[in-house]
Number of protein chains: 2
Amino acid sequence: MLENIPSKIKIVEVGPRDGLQNEKKILTTDQKFQFIMGLIDSGITSIEVSSFVRAPKIPQLVDAPELFKMLNEAKIDRRKIKFSALVPNLKGLEVAKGANVDEIAVFTATSDEFNKKNINASVDESLGRILPVCKEAINCGIKVRGYISTAFGCPYGGDSSTETLLKLCDQLVKIGVSEISVGDTIGMASPLIVKKHIRNLKKHFDLKTIAMHFHDTNNMALVNVMAALDEGITIFDSSAGGLGGCPYAKGASGNVATEQLVFFFEQIGIKTGVNLTKLKIVAESVKSILSA
Amino acid sequence: MLENIPSKIKIVEVGPRDGLQNEKKILTTDQKFQFIMGLIDSGITSIEVSSFVRAPKIPQLVDAPELFKMLNEAKIDRRKIKFSALVPNLKGLEVAKGANVDEIAVFTATSDEFNKKNINASVDESLGRILPVCKEAINCGIKVRGYISTAFGCPYGGDSSTETLLKLCDQLVKIGVSEISVGDTIGMASPLIVKKHIRNLKKHFDLKTIAMHFHDTNNMALVNVMAALDEGITIFDSSAGGLGGCPYAKGASGNVATEQLVFFFEQIGIKTGVNLTKLKIVAESVKSILSA
């Protein structure tokens, strides 16, 4: 274990979207802007900023266009800092294009049961929705990231087999998705199943295109990260302050905290480029706003 | 990693001693008795019950003789359930003998600075104190467990090199110590240093006699456990509810929680014999008493 530690990893900060989406208190657009600017200042380079969903669906994220406008007007070196946004449909993609996103994220799951509760579509139906969005995004030079939820377990007893995961990855890659985030939606993963999934994934896919998205419900996020790292994964999703959870999955706690990830990576000799002190201040700041 | 998962591990529950010692609120002897009986009922088999220190030193543990009396009068299968107690000197050993302990624990550290603050003795002086205690205990058929604190870092800048650890282990083994608990007193350990220490330890010692004692200050306890397991360690200290910390080491949070350890081990296929539901109830119960 840890015999071949990669010299570089990529952290995808999902706090502003996946994190805030699941927090009750609505932040002002300026607070979100400050949050993201703080993340950038701490050294975070990949940020999922928001979601271009239908307005009433997720009240926290309805200000996505305004937030992107502020970010686009700010002094940010966009050769280094990459912004993404969740896009559920072609209408959302149109707004995303105007928002100058570097990447869009599309969503599905291994479990029909979960997918139906989450986006009111079976897995196959969700792929049907994703297809035209991907096509158009790629035509416009926008990369596509695909989320696969419930890959390590479904709260509604749905499918989370390796076979289904592989099939889904294959379908997403064929559609044109360039990075796949394999999600442990409710923190059910454990190191052996993580390793099993990844060993199978790497038979068919370049692991440089696969991210792991762990939740820390059972305090297992870091051991799962270590297991994934050991199998060759170098892209990890996390959210500053461990924000988030999942409104469609009872009992899910937040994403693994970015500051925990950074601390862990640095401790085992992986340079993250993130200033942990600054990051902790940003995380504490947003948590204190949310709990005020 | 995790290629050779052991079929059996040993969990040493240190909550009643190491855990409670560092909690401000003093439990009644009956509450401690109930705590220990609950642990036994949940399937825990090795328990560090208390400490036979000079009475005013650690107020929480002055009732050690009464607590052992209650345990000795209770219906407990002592072929299966093993009790230990911390013993600092010959006077303590005399009381321990009367208390029918299966094992005593003695204490030292890699760091002179820490040892002086903790037990007012340099490392060498502490070994001088341990020697007669060990001799007498072994003469009486009582096993001796040796704690080595600050093995992964000292809050006062003292020594925590592998060389010093190896030398200390050697000295303890020569004195007659049959199990050594290598302590990450303030949660400074990380997987690479854990692996380095253990790789060196196994060149000279049977790993079946070496335990790891991790604190969770930086959320690194479980990754350290996984790293240690990967190197062949099968004995782990923990405390129910993550009780404890270290009064002589500022900033140290509690021991890794036994319920976290059990959950982790079971998830990777190691049978612990512990009923997690029962254990969680016991842990919650003692935490609610402490916070009341």
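None of these values were measured; they are calculated from a predicted model.

A. Main features of the interface of chain B and chain A. The interface is formed by 20 residues belonging to chain B together with 20 residues belonging to chain A. At the level of secondary structure, the elements contributing two or more residues to the side of chain B that touches chain A comprise helix 8 (191-204), helix 9 (221-230) and helix 10 (258-267) of chain B. Sort the elements by how many residues they give to the side of chain B that touches chain A and helix 9 of chain B lands first, with five residues. When the residues that make up the side of chain B that touches chain A are grouped by side-chain class, the tally is 12 nonpolar, six polar and two charged.

B. Geometry of the sheet that holds strand 3 (residues 82-86) of chain A. Residue and element names in this part refer to chain A. Taken in spatial order, the eight strands of this closed barrel run 1-2-3-4-5-6-7-8, and their pairing is parallel. Ignoring strand direction, the axes of neighbouring strands in this sheet form an average angle of 25°. As defined by bridge partners, strand 6 (residues 179-184) adjoins strand 7 (residues 210-214) across five bridges and the pair is classed as parallel. Directly across from Gly 183, in strand 7, lies its bridge partner His 213. Packed on one face of the sheet, helix 9 (residues 221-230) meets strand 6, strand 7 and strand 8 (235-238) and runs near 165° to strand 7.

C. Inspection of the relation of the copies chain B and chain A at higher detail. Superposing chain B onto chain A requires a rotation of 180° together with a translation of 0.0 Å along the rotation axis, leaving an RMSD of 0.0 Å. Expressed as a symmetry operation, the mapping of one chain copy onto the other fits a two-fold axis. Within chain B, Met 1 of chain B has its C-alpha nearest the rotation axis, a separation of 2.1 Å. The share of interface residues of chain B whose copies in chain A are also at the interface is 100%, consistent with both copies meeting through the same surface.

D. Highlighting the sheet that holds strand 4 (residues 103-109) of chain B. Residues and elements named next belong to chain B. Overall, parallel pairing links the eight strands, which are arranged 1-2-3-4-5-6-7-8 in a closed barrel. On average, each strand axis in the sheet is tilted by 25° relative to the strand beside it, whichever way the strands run. By the bridge criterion, four bridges tie strand 1 (residues 10-13) to strand 8 (residues 235-238) in an arrangement that is parallel. Paired with Ile 11 across the strands is Phe 236, a residue of strand 8. Where helix 5 (residues 112-119) meets the sheet, it contacts strand 4 and strand 5 (143-149), and its direction lies at approximately 125° from that of strand 4.

E. Summary view of the packing of helix 2 (residues 29-42) of chain B against helix 3 (residues 64-73) of chain B. Residues and elements named next belong to chain B. Where helix 2 contacts helix 3, the two axes come as close as 10 Å, and the packing angle between them is 45°. The angle between the axes of helix 2 and helix 3 places the two elements in the oblique class. The handedness of the crossing between helix 2 and helix 3 comes out as right-handed. Contacts between helix 2 and helix 3 pair Thr 29, Lys 32, Phe 33 and Ile 36 from the former with Glu 66, Leu 67, Met 70 and Leu 71 from the latter. The class makeup of the residues in the contact of helix 2 with helix 3 is five nonpolar, one polar and two charged.

F. Region of interest: the confidence of the model for chain A. Across chain A, the average pLDDT comes to 93, with 96% of residues at or above 70. In the model output, the complex is listed with pTM 0.94 alongside ipTM 0.91.

G. Main features of unusual backbone geometry. Residue and element names in this part refer to chain B. Phi angles above zero are rare outside glycine, and Asn 100 is one such case at about 60°. Along the chain, the position of Asn 100 falls in the loop between helix 4 (90-98) and strand 4. Notably, Asn 219 is not glycine yet its phi reads approximately 60°, a positive angle. Positionally, Asn 219 belongs in the loop between strand 7 (210-214) and helix 9. Owing to 19 C-beta atoms within 10 Å, Asn 219 belongs among the partly exposed residues under this scheme.

The rules behind each value
Residues numbered from 1 in each chain as written. Chains lettered and ligands numbered in written order. Predicted model: local features only at pLDDT ≥ 70, side-chain atom pairs only at ≥ 80, totals over all residues. Contact = placed C-beta atoms within 7 Å. Helix = DSSP H or I, 4+ residues; strand = E, 2+ residues; numbered from the N terminus. Nonpolar A, V, L, I, M, F, W, Y, C, P; charged D, E, K, R; others polar. Pairing = 2+ DSSP bridges. Axes fitted to C-alpha atoms, helices over the stretch in contact; angles between N-to-C directions. Least-squares fit on C-alpha atoms with pLDDT ≥ 70 in both. Parallel < 35°, antiparallel > 145°, perpendicular 65-115°, else oblique. Left-handed = near helix turned anticlockwise from the far one by under 90°. pLDDT = per-residue confidence, 0-100. Buried ≥ 20, exposed ≤ 12 C-beta atoms within 10 Å, placed from the backbone.

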